[in-house]
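Chain by chain, the residues run as shown.
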Amino acid sequence: MPLAVNKTCQAVLGLQQRRTLRLASSPASASSVPQSFVWFWTSLGLVTFLSFTTRFYRLQEPPHVWPGGSLQSGLAEDVRGGTGRIGLGLRNDRPLERLDRVPAVISWDETHFGKMGSYYINRTFFFDVHPPLGKMLIGLAGYLSGYNGTFPFQKPGDKYEEHSYIGMRGFCAFLGSCLIPFSYLTVLELSKSLPAAMLTAAILIFDTGCITLSQYILLDPILMFFLMGAVFSMVRYNSCANRLSEGWKRPRGALEIARENLRPFSAHWWFWLCLTGVNLAGAMGVKFVGLFVVLLVGLNTIYNLWELLGDLSLSLVTLGKHFLARVLCLILLPLALYTAQFAVHFAVLNRSGPGDGFFSSGFQSRLIGNNLHNVSVPEYLAYGSVVTMKNLRMAGGYLHSHWHLYPEGVGARQQQVTAYLHKDLNNLWIIKKYNLNADYLDPSLPVEFVKHGDIIRLEHKETSRNLHSHQHEAPLTRKHLQVTGYGINGTGDSNDFWRIEVVGRKTGKHIKVLRSQIRLIHLATGCILGSTGKTLPKWGWEQVEVTCTPYQKESPNSLWNVEDHINPRLRNISLDVLKPSFPEILLESHMVMIRGNSGLKPKENEVTSKPWHWPINYQGLRFSGVNETDYRVYLLGNPVIWWLNLVSIGLYIIMTTFISVAIKRGTHLIAEHQEPSRVLLHGGGLIMLGWLLHYLPFFMMGRVLYFHHYFPAMLFSSMLTGITWDVFLKFCARMLSASIQVYNCGIVLLILLTVYSFYLFHPLSYGMIGPLASDPNSPMAGLRWLETWEF
């Protein structure tokens, strides 16, 4: 970056001579505007070029490693062949494995999100714990780039062969590349300092972690794209509001005349306000952690409205317009777009698939190919009906029994009752009155419907045993009671009696197939029939445990619905009549996603982490490869950058504390310190709030956590680093005689530090082959600074 040598460059770089009273945020003269535009567009162009170059370089890696030859000879062949590809991971000529030009392989979570993109192309329904927008965009990128959705995405390391995967990776890399210009423009808008923006951009350009996350088929670059888009848009419309509160009325040069168009309620102001809402919908639609940026924008909006309320020059009508504009653009518009995403999601995924079992029977009846699609059944439950009952917990299974008994020592040695995840004849039960064992198919008997509050008996159709419970303890779950099949040909005892209740219904109301959520309360003990979700041992055929729980709290584990319904005496109706409405399936899908998120557990041998690990770069993630012969990509932040961000957070807290105390004590800041202090307290404060909102909530989460969850917060800490060091160096420079030189040298040294650290650690992103870092002959020898790093 060129050094400032004249007044124009000083204004652009954020410094002026000590005798001036205003900082670089003061308006430039009309003659300086063209030069400032040149600086702005040149630096933005450079930032954008480097962003895209670092993200798209070696996008087709990791390749399949072909034994034989040396990497050096392989690279020579690449150069002779005109590819121009030189492996950045090499820093010596040690013979290694050769990288032949063969297809790349799946890395890390591409197995999930690439497969989900295929599901959208094939219109096959699936379940995921995240909202659908990110996967829909991945599927759309694959479809537009010629991918046909046939690659199985079974496990990391599988070769893509001839399948067109590069469009999906390229889409994620494009959005990951946009993060840097967004961050650059956000810091520039907050600080009015080009060096602060350039330092932020350099940190993100040369961070190995950000590069790695952007180069694969993942949700993270999509989430961070919308997140940074929302923050930048928010900062832009904030500037418009500030111009109103500062009395932005008189033109002060060509640049200021252009910015006059950004006053509140202008077309530009509406554009940025609406764009903020669009990006909020996008962030929420990719992952639920997008709610953190929604909270940031919400708190910022409340602060803005509070400031406007204190402006006595504004009428109540104008205040009302400001309030309604924000309700429209920041609440109603995001909600409408978010809902529309699910409408498209349900419309596209209309065929039965692996996600059916996570949802209710009514939901499944919508899916082409599902056994409930276009089926006709009696609408209301009657005595004598043969039914299947599905548990409402996620993947809860059907109420099931079979001839096998519980083993010796496991409760009473009676017939097993379980929950089974698949359709089976042993899932069929007959509903009978508790005190009558009549032939309900006898046409001379009137049809009697089952009502809410009735006492019933459930007889297993295949074995003629009754659903039964007693005081024996359940096989796996302590304090729960055992559920068995008991009796002969329907004749049992009083422990076979159950009261059937429908959630939200009154006594005497009929029970609907598919739609009614029912619970069965054991009459003798008062416990409730439920599925625990625990898998039984081999003696239980590894089916799911069914118990009678004494806890009365309503949960999906203890709720059931009737799915199949057979009764020749009742008129059948099409299940189309019973299909849930869009609001109902929207609510159900969110309940299933929330339960799925909270129930996430680590996979076998999977590396998890804790939130305190993340800012210190304590441990990374293997994206591909483990051994010396593997092509290894390792997700780890550039240590120099991450530790600089951590130091910057501490420096920011110290500086803001010092300035705040000084102001509170009535200290008068000199003119040269007023603007940097305002930038630090207001601009830096907004970014610091964003970091806290995207980091602290993870300490309260019960689900499994991974290193990559920190990267949205890392974006904020990087922007805070740019602002903090810019202000700190300005303060330091003004204490010395050669102010411009000290400031410029400090910024340049920080940027060069990020570049050199990237030179050292870039093989983490672009691939390593050969000995591990613990070997002295490794290209990464001496760079394993923490024992917890595994490269």
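Residues numbered from 1 in each chain as written. Predicted model: local features only at pLDDT ≥ 70, side-chain atom pairs only at ≥ 80, totals over all residues. Heavy atoms only, no water.

(A) A nonpolar patch on the surface, seen in detail. Residues Leu-328, Ile-331, Leu-332 and Leu-335 make up a contiguous nonpolar surface patch of about 370 Å² in total accessible area. Mapped onto the elements, Leu-332 comes out in helix α13 (residues 316-348). (Patch = residues over 30% accessible without salt bridge, like charges linked within 9 Å, V, L, I, M, F, W, Y side chains within 5 Å. Areas by Shrake-Rupley, 256 points an atom, 1.4 Å probe, with all protein chains shown as cover. Salt bridge = Lys/Arg side-chain N within 4 Å of Asp/Glu carboxyl O. Helix = DSSP H or I, 4+ residues; strand = E, 2+ residues; numbered from the N terminus.)

(B) Highlighting the packing of α13 against helix α15 (residues 582-598). Relative orientation of the contacting elements α13 and α15 amounts to 95°, with a least axis distance of 11 Å. Accordingly, the angle class assigned to the pair α13 and α15 is roughly perpendicular. Contacts between α13 and α15 involve Tyr-338, Thr-339, Phe-342, Ala-343 and Phe-346 from the first element and Phe-582, Ile-585, Leu-586, Ser-589, His-590 and Met-593 from the second. (Axes fitted to C-alpha atoms, helices over the stretch in contact; angles between N-to-C directions. Parallel < 35°, antiparallel > 145°, perpendicular 65-115°, else oblique. Contact = heavy atoms within 4.5 Å.)

(C) Region of interest: unusual backbone geometry. For Phe-153, which is not a glycine, the phi torsion comes out positive at approximately 50°. Relative to the assigned elements, Phe-153 resides in the loop between α5 (133-144) and α6 (166-191). With a phi close to 70°, Lys-479 is a non-glycine residue in the positive phi region.

(D) Molecular detail of the pattern of salt bridges. Counting across every chain of the model gives 17 salt bridges. Here Lys-287 makes a salt bridge to Asp-220, at a shortest N to O gap of 3.6 Å. One end of the pair, Lys-287, is in the loop between α11 (267-286) and α12 (291-309); the other, Asp-220, is in helix α9 (residues 220-245), with 67 residues separating them in the sequence. One exposure class covers both Lys-287 and Asp-220, and it is buried. For Lys-730, the salt bridge is made with Asp-726, and the minimal N-O distance between the two is 3.2 Å. Placement of both Lys-730 and Asp-726 in helix α18 (residues 711-734) is noted, with a separation of four residues, approximately one turn of the helix. Accessibility classification places Lys-730 together with Asp-726 in one group, the buried group. Residues joined by salt bridges that share partners form a network here, namely Glu-189, Lys-192 and Arg-236. (Buried < 20%, exposed > 50% of the residue type's maximum accessible area, 1.4 Å probe, protein only.)

(E) How the structure looks around the pairing of strand β13 (residues 560-566). Burial analysis of β13 places five of its seven residues in the buried class, which makes it a mostly covered element. Across five bridges, strand β2 (residues 386-391) lies against β13 in antiparallel orientation. Bridged to Asn-391 within β13 is Trp-560. (Pairing = 2+ DSSP bridges.)

(F) Structural context of the environment of Ile-106. Among the secondary structure elements, Ile-106 is positioned in the loop between α3 (71-80) and α4 (110-122). Distance in space between the C-alpha atoms of Ile-106 and Phe-153 is 7.3 Å, their sequence separation being 47 residues. Residue contacts for Ile-106: discarding those within four places in its chain leaves Thr-111, Phe-151, Phe-153, Gln-154, Lys-155, Pro-156, Gly-157, Asp-158 and Tyr-160.

Keep in mind that these numbers describe shape and distance, not what the molecule does.
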